[in-house]
Amino acid sequence: MTPEEVLARLDAPLSLRRRVGYLAVALAGLTGSALVGLLWATEPGLPPRTAAAFAVLVVIGLCWAVFGGWAVTRRTSLFARDRVVAGWLGLGAWLVFTVGAAVITVPRHTLEPSLLAVVLALGVVAVVNLWAARRARAALLRRRDTLAGAATRDE
């Protein structure tokens, strides 16, 4: 395969399978936000901390919906930018959820070690996903630059 052919494949837009996956992410985010919003709207007199938790969940779902819509509408190659954005969204959602849950839970209850282990494990997964996405993007960009240099030398 020549450098030009590899560059053409690297510059290709998202495949149908990935587009359908991102559409599913967008719909899941919208559905989750709608369901939590409906529950929030139909339960009068919720405590402020519950209303705040519902608001955060709605915002997180909407962020995933916007991300899915953004990824589906891209007409050019993303060079794993979509994975990096998803990694940051996952890490941000984990941070907001963890801080909010700690603020709500710690003053009233003791922390269960098993619950703390699950929250920390989810944080590790979020960090590892972001790290892997950034690494994959850097590798793709290096490969693109190397191939572009080889293609210009061949001319």
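Residues numbered from 1 in each chain as written. Predicted model: local features only at pLDDT ≥ 70, side-chain atom pairs only at ≥ 80, totals over all residues. Heavy atoms only, no water.

### As for the confidence of the model for the protein
Stage number 1. Of all residues in the protein, 87% attain a pLDDT of 70 or more, and the chain-wide mean is 86.
Stage number 2. By mean pLDDT, helix H1 (residues 3-10) is the weakest element of the protein at 64, and helix H2 (residues 16-42) is the strongest at 93. (pLDDT = per-residue confidence, 0-100. Helix = DSSP H or I, 4+ residues; strand = E, 2+ residues; numbered from the N terminus.)

### Notes on the packing of H2 against helix H3 (residues 48-73)
Stage number 1. Contact geometry for H2 and H3: axes closest at 7 Å, N-to-C directions at 160°. Relative to H3, the element H2 lies roughly antiparallel. Here the hand of the crossing between H2 and H3 comes out left-handed.
Stage number 2. Residue classes in the contact of H2 with H3 are distributed as 19 nonpolar, 7 polar and 1 charged. (Axes fitted to C-alpha atoms, helices over the stretch in contact; angles between N-to-C directions. Parallel < 35°, antiparallel > 145°, perpendicular 65-115°, else oblique. Left-handed = near helix turned anticlockwise from the far one by under 90°. Nonpolar A, V, L, I, M, F, W, Y, C, P; charged D, E, K, R; others polar.)

### Here's the deal with the pattern of salt bridges
Stage number 1. Evaluated as defined, the whole model comprises 2 salt bridges.
Stage number 2. Note that Arg18 is salt-bridged to Asp82, the shortest N-O span being 2.9 Å. A residue pair is termed long-range when its members are at least 10 positions apart, and Arg18 in helix H2 and Asp82 in helix H4 (residues 81-105) qualify at 64 residues.
Stage number 3. For Arg18, a relative accessible area of 26% gives the class partly exposed.
Stage number 4. Of the residues examined, Asp82 reaches a relative accessible area of 2% and is grouped as buried.
Stage number 5. The closest approach of N and O atoms between Arg144 and Asp145, which form a salt bridge, is 3.4 Å. (Salt bridge = Lys/Arg side-chain N within 4 Å of Asp/Glu carboxyl O. Buried < 20%, exposed > 50% of the residue type's maximum accessible area, 1.4 Å probe, protein only.)

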